Amino acid sequence: MKNVLITGGAGFIGSHVVRLFVNKYPDCLILNFDKLTYAGNLLNLADIEQKENYLFVKGDVTDADQVFSLFSEHAFDTVIHLAAESHVDRSIANPMEFVHTNVLGTVNLLNAARHNWKDAFEGKRFYHISTDEVYGSLGDVGLFTEETPYDPRSPYSASKASSDHFVRAYYHTYGLPVILSNCSNNYGPNQFPEKLIPLFIHNIIEKKPLPVYGKGENVRDWLYVLDHAVAIDQIVRRGKLGETYNIGGHNEWKNIDLIRLMCGIMDKKLGREAGTSEGLITYVKDRAGHDLRYAIDAGKVSRDLGWEPSVTFEEGLDKTIDWYLANTEWLRQTTSGDYLSYYRQQYEER
Ligand code: NAD
Ligand code: TYD
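Below is a short write-up of the structure. (Residues numbered from 1 in each chain as written. Chains lettered and ligands numbered in written order. Predicted model: local features only at pLDDT ≥ 70, side-chain atom pairs only at ≥ 80, totals over all residues. Heavy atoms only, no water.)

Further remarks concern the site of ligand 1. Around ligand 1 sit 28 residues in total, of which Ile 13, Asp 34, Ser 86, Tyr 156 and Lys 160 are the nearest. Within the backbone of Leu 36, one N or O atom sits 3.4 Å away from an oxygen atom of ligand 1. One nitrogen or oxygen atom from the main chain of Asn 186 is found 2.8 Å from an oxygen atom belonging to ligand 1. Considered on its own, ligand 1 offers 830 Å² of accessible surface; in the complex 97% of this is hidden by protein. Counting only elements with at least two residues in the shell around ligand 1, the list comes to helix H1 (12-24), strand S5 (125-131), helix H5 (155-174) and strand S7 (185-187). Examining the composition of the shell around ligand 1, we find that 3 residues originate from one element, S5, more than from any other. (Near = heavy atom within 4 Å. Polar contact = N/O pair within 3.5 Å; in protein donor to acceptor, adjacent residues only side chain to side chain. Areas by Shrake-Rupley, 256 points an atom, 1.4 Å probe, with all protein chains shown as cover. Helix = DSSP H or I, 4+ residues; strand = E, 2+ residues; numbered from the N terminus.)

What follows is the structure, given as structure tokens:
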């Protein structure tokens, strides 16, 4: 790798990937291309923005002219594509935005890579970051493998599934050197407080109601974000072209059990009487089409590349909660402005 394009590098996962690559590969240029939507935040990268091998370019993956000129200005050999609209609830409210960014944006990048690389693909890699949600919803047993048929059920997962299909189509049709991975739910520092864990941490701090969808019985498989970043590093360098790798934490939690666990930890950290935060739990109308269970079989990435999650859930949750408690300015900024109208629409006017 010499010139690496990372899209969506100012977002949650992207910022951890950018930091890992900037620090680990001082001889590579790491270019972060991000539109800075509500989910993108350059504060996430304040500690590395002065590094010589780091460059930020504000831009939109759906803008063909901009993406094509970026490719002609920099001789990228590696693309790691994370830019996306990523929140299921927002996709239910506004599906077209997801089609635009996730499908069109991905095809745009594929076209730019193909044309710029001029079919001389030796040493090039286009790595598309995707989600386990493309596989649909599991019952009480079973795991998603790389062979599980796609069955997306939300506008978000349908848009990600579509982008995955395009990436594979470019491999088969044009020989573009692609790799994909599909990961389970991430958690950790810098996650925008619209997703379950950071939203609930924020609401517990503020003593606001904790809105549990349905009965809280849906199950998710949680992975610490840095473990995902390490998997991405392994896969981009050592993964086999044309292949897909599932990444997961072997760490399934029913929402309500996870929420109770978080409440207990935070009562202790905030010096509140045990049971205080559980008292904030409020059952609300279920999410439309709410997938019951996600769980990943991460056997292939472990067998082929030796990757395993390294952070236990206890450690990861502890670090995450500590990060939000310490970064009050980040939390204050992300939960002001547009966030307030999103919150009102999503939780108070439904
Ligand atoms: P995020 O919403 O935190 O960040 C997305 C980033 O993309 C933001 O910085 C945003 O500004 C940028 N972006 C959005 N539209 C853009 C556009 N048109 N052009 C350029 N940049 C744009 O998302 P995340 O949670 O970090 O997820 C990153 C990727 O990983 C996504 O592709 C997502 O589907 C995938 N993924 C996420 C999870 C998870 O649990 N968060 C799990 C598996 C896979
Ligand atoms: P989320 O973090 O949105 O991730 P995803 O839906 O992509 O898995 O949600 C995780 C789980 O938490 C999911 O089952 C929905 C549930 N949830 C709530 O119960 N209340 C909430 O306010 C949110 C945001 C999520």
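Turning next to the sheet that holds strand S11 (residues 252-254). Taken together, 3 strands build an open sheet; the order of strands is S7-S9-S11 and the sheet is mixed. Every interior strand has two partners, whereas the edge strands, S7 and S11, have only one. On average, each strand axis in the sheet is tilted by 50° relative to the strand beside it, whichever way the strands run. Judged from the 3 bridges that link them, S7 and strand S9 (residues 219-224) form a sheet pairing that is parallel. (Pairing = 2+ DSSP bridges. Axes fitted to C-alpha atoms, helices over the stretch in contact; angles between N-to-C directions.)

Turning our attention to the packing of aromatic side chains. A full pass over the atoms with the stated rule returns 20 aromatic pairs. Judged by centre distance (5.9 Å) and plane angle (75°), the ring pair of Tyr 324 and Trp 330 falls under edge-to-face. Side by side, Tyr 324 and Trp 330 carry an identical accessibility label, which is buried. Taken together through their ring pairs, the aromatic side chains of Tyr 38, Phe 192, Tyr 213, Tyr 339, Tyr 342, Tyr 343 and Tyr 347 make up a single cluster. Above the face of the Tyr 38 ring, Arg 90 is positioned so that its terminal group lies 3.6 Å from the ring centre. (Phe/Tyr/Trp six-rings, centres within 6.5 Å; stacked < 30°, edge-to-face > 60°. Buried < 20%, exposed > 50% of the residue type's maximum accessible area, 1.4 Å probe, protein only. Lys NZ or Arg CZ within 6 Å of the ring centre and 35° of its normal.)

As a further point, take the site of ligand 2. The immediate surroundings of ligand 2 are formed by 20 residues, with Glu 133, Arg 220, Arg 287, His 290 and Tyr 347 found nearest. Contact between ligand 2 and His 290: an oxygen atom at 2.7 Å from a side-chain N or O atom of the residue. Notes on ligand 2: free accessible area 510 Å², of which the protein chains cover 98%. Broken down by class, the residue content of the shell around ligand 2 amounts to 9 nonpolar, 5 polar and 6 charged. (Nonpolar A, V, L, I, M, F, W, Y, C, P; charged D, E, K, R; others polar.)

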